[in-house]
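Residue-level listing of the chains:
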Amino acid sequence: EPEVTQTPSHQVTQMGQEVILRCVPISNHLYFYWYRQILGQKVEFLVSFYNNEISEKSEIFDDQFSVERPDGSNFTLKIRSTKLEDSAMYFCASSEYVGSGELFFGEGSRLTVL
Amino acid sequence: LAKTTQPISMDSYEGQEVNITCSHNNIATNDYITWYQQFPSQGPRFIIQGYKTKVTNEVASLFIPADRKSSTLSLPRVSLSDTAVYYCLVGDGGPGNNRKLIWGLGTSLAVNP
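Okay, so let's go over this structure. (Residues numbered from 1 in each chain as written. Chains lettered and ligands numbered in written order. Predicted model: local features only at pLDDT ≥ 70, side-chain atom pairs only at ≥ 80, totals over all residues. Heavy atoms only, no water.)

Looking only at helices and strands, chain B features zero helices and nine strands. Within chain B, the fraction of its 113 residues that count as buried is 46%. A total accessible area of about 5,400 Å² is found for chain B, and carbon and sulfur atoms account for 50% of it. (Helix = DSSP H or I, 4+ residues; strand = E, 2+ residues; numbered from the N terminus. Buried < 20%, exposed > 50% of the residue type's maximum accessible area, 1.4 Å probe, protein only. Areas by Shrake-Rupley, 256 points an atom, 1.4 Å probe, with all protein chains shown as cover.)

Time to look at the overall build of chain A. Within chain A, the regular secondary structure consists of zero helices and 11 strands. Secondary structure elements of chain A, listed N to C terminal, follow the sequence β-β-β-β-β-β-β-β-β-β-β. By the compact-globule yardstick of 13 Å for 114 residues, chain A fits well, its C-alpha radius of gyration being 13 Å. Projected onto its principal axes, the C-alpha positions of chain A cover 40 × 25 × 25 Å. Within chain A, the proportion of its 114 residues that are buried is 45%. Of the contacts formed within chain A by residues at least 6 apart in sequence, a portion of 53% connects residues at least 24 apart. Looking at chain A as shown, the accessible area adds up to about 5,700 Å², and 46% of this sits on carbon and sulfur atoms. Computed over 9 positive and 16 negative side-chain charges, the separation of the two mean positions in chain A equals 6 Å. (Rg over C-alpha atoms; globule rule 2.2 N^0.38 Å. Contact = heavy atoms within 4.5 Å. Lys, Arg positive; Asp, Glu negative; His and termini not counted. Charge placed at Lys NZ, Arg CZ, Asp CG, Glu CD.)

Another aspect to go through is the pattern of salt bridges. Residue and element names in this part refer to chain A. Summed over the entire model, instances satisfying the criterion amount to one salt bridge over all chains. When the shortest N-O distance is used, the salt bridge between Arg36 and Glu44 registers 3.0 Å. Look at Arg36 and you get buried, because its relative accessible area is 10%. (Salt bridge = Lys/Arg side-chain N within 4 Å of Asp/Glu carboxyl O.)

Glancing now at the state of the cysteines. All names here are of chain A. Under the defined criterion, the tally for this structure stands at two disulfides over all chains. Linked covalently through their sulfurs, Cys23 and Cys92 form a disulfide whose S-S length is 1.9 Å. Disulfide Cys23-Cys92: torsion about the S-S bond near -65°, hence left-handed. Here Cys23, found in strand β3 (residues 19–24), pairs with Cys92, found in strand β9 (residues 88–95); they are 69 residues apart in sequence, far enough to count as distant. Look at Cys23 and you get buried, because its relative accessible area is 0%. (Disulfide = S-S within 2.5 Å.)

Further remarks concern the pairing of strand β4 (residues 45–50) of chain B. Residue and element names in this part refer to chain B. The element β4 is largely enclosed, with a buried count of five among its six residues. Two strands pair when backbone bridges link them, and strand β3 (residues 33–38) and β4 are joined in this way by five bridges, in the antiparallel orientation. Bridge pairing in β4 links Gln37 to Arg45. Here β3 folds back onto β4, and the loop between the two strands holds six residues, one of which, Ser41, carries a positive phi near 60°. (Pairing = 2+ DSSP bridges.)

Attention shifts here to the sheet that holds strand β7 (residues 70–75) of chain B. Residues and elements named next belong to chain B. Strands sit in the order β2-β7-β6-β5 across an open sheet of four strands; the sheet is antiparallel. Lying at the two open borders of the sheet, with one neighbouring strand each, are β2 (18–23) and β5 (53–56). Taken pair by pair, the neighbouring strands of this sheet meet at an average axis angle of 15°, ignoring direction. Note that β2 and β7 share six bridges and pair antiparallel. Each bridged residue has a counterpart across the sheet, and for Thr21 the counterpart in β7 is Thr72. (Axes fitted to C-alpha atoms, helices over the stretch in contact; angles between N-to-C directions.)

This brings us to the pairing of β5(B). All names here are of chain B. Of the strand pairs in this sheet, β5 and strand β6 (residues 61–64) are connected by four bridges, and their pairing is antiparallel. Looking across to β6, one finds that Thr56 is bridged to Ser61. With antiparallel pairing between neighbouring strands as the criterion, β5 and β6 make up a hairpin whose turn holds four residues.

In short, geometric facts, not functional conclusions.
Written out as structure tokens, the structure is:
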């Protein structure tokens, strides 16, 4: 069964450092998303991406965050200067088309900012 | 965006049917109802989606009354592996508009032997 894969599974970084989280969506999917979940809290939408541009973003997704799809397969989330409160599980998801109610999530990347 | 309300937690035993009800009083005409399952330290997994009446797949059934102000996820004959958090989500304008869905805390289901 096709799946969304994410790397790294866990990253520890110092406050102020840049972090790049990588995702390989399902190959025929066209819509890509990043969500985050702080431990014990709700899943929060960050950004959606379609046709090589951001479709929507939340208020969490400020200037410290960026996304890109550099090579047609990887979908990356960059945090330029990490803060302690960025510590969370980051989930990538993809869907085949906008009419699909089903999002396929990856296993997540746990980010710990010290 | 419609807000949903679910029980924080539920307990059940292996082999029982579990029904988790979600309230969404402000659901809009075009909104769909979607349920996801999440195991600890894993990404959510789609379970089922519906608009009205009843939807059934190999995993669960979803019952939606005529007024659509609530929905019930039914898990037949649960096993220990069904222990997870279950989220009820209401779409912002259709099955594709789940990009900005508001996720609640979900219902933490514990299945006991």
